[in-house]
Amino acid sequence: MKINIYAIVKPSSDDFDKLNKEFIKMCSKYAKVEVHHIFDKNIAKAQNISQSEAQKSYTQAFEKYLNGHCIALDVLGKKVDSFKFSKMISNDSEVNFFIGGAYGFERDFLNKCQSVISLSDLTMAHKVVTVVLLEQIFRGLAIKNNHPYHK
């Protein structure tokens, strides 16, 4: 199984990166998990023009990764518990998560994803969302594989 996380964010190396690597290592027994930071000149330029231009640039950056089971994280998404989340990532050989930029997603992009979920009603920084998502991925894999982590 392969799980990708695609995020509109500038790459950095800090304590969050260390924590991400720790969760990726924990997941490696059950799945190959990778985090991909996507940020280019088009995104930077579009974010200075308008919300709609920014959203279009996110869609353009993400469209080539729309394969396998695609799950977008969006404030308007469905809230799921850890057991439902585990089922969402258990049935496909490739699962792709998308974390949008500061302006969220275009509705057309969300419609191209099989699932749209929200991790919380709270707004979180991308670094925090990535850590929370990685922890839930490990928790979901633990549930799927009867590992005691969830208990």
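Placed above this text is the structure.
The text that follows walks through the structure, step by step, so that each part is easy to find. Worth saying up front: this structure is predicted, and the values here are computed from it rather than measured.

## Remarks on the nonpolar core
Moving on, step 1. Of all hydrophobic cores here, the largest spans 25 residues; its most connected members are I3, I89, F97, L133, I137 and L141.
Moving on, step 2. Mapped onto this core, the elements with two or more residues apiece are strand 1 (2-8), helix 1 (15-27), strand 3 (69-79), helix 4 (82-88), strand 4 (94-99) and helix 6 (126-144).
Moving on, step 3. At seven residues, helix 6 tops the list of elements feeding residues into this core.
Moving on, step 4. Sequence-distant contacts of I3, defined by excluding residues within four places in its chain, comprise A31, K32, V33, E34, I89, V95, F97, I137 and L141.
Moving on, step 5. Core analysis: the next-biggest nonpolar cluster, separate from the first, contains 15 residues, I8, I43, Y58 and C70 among them.

## Some words on the packing of helix 1 against helix 6
Moving on, step 1. For the pair helix 1 and helix 6, interaxial distance at closest approach is 9 Å and the crossing angle is 15 degrees. When the interaxial angle is binned, helix 1 and helix 6 end up roughly parallel. Here the hand of the crossing between helix 1 and helix 6 comes out left-handed. Where helix 1 abuts helix 6, its residues F16, L19, N20, F23, I24, M26 and C27 lie against K127, V128, T130, V131, L134, E135, I137, F138 and L141.
Moving on, step 2. Looking at the contact of helix 1 with helix 6 residue by residue, the class counts come to 12 nonpolar, two polar and two charged.

Criteria and cut-off values
- Residues numbered from 1 in each chain as written.
- Predicted model: local features only at pLDDT ≥ 70, side-chain atom pairs only at ≥ 80, totals over all residues.
- Heavy atoms only, no water.
- Core = buried A, V, L, I, M, F, W, Y, C linked by side-chain atoms within 4.5 Å.
- Buried < 20%, exposed > 50% of the residue type's maximum accessible area, 1.4 Å probe, protein only.
- Helix = DSSP H or I, 4+ residues; strand = E, 2+ residues; numbered from the N terminus.
- Contact = heavy atoms within 4.5 Å.
- Axes fitted to C-alpha atoms, helices over the stretch in contact; angles between N-to-C directions.
- Parallel < 35°, antiparallel > 145°, perpendicular 65-115°, else oblique.
- Left-handed = near helix turned anticlockwise from the far one by under 90°.
- Nonpolar A, V, L, I, M, F, W, Y, C, P; charged D, E, K, R; others polar.

Remember, this is a structural readout, not a statement about activity or role.
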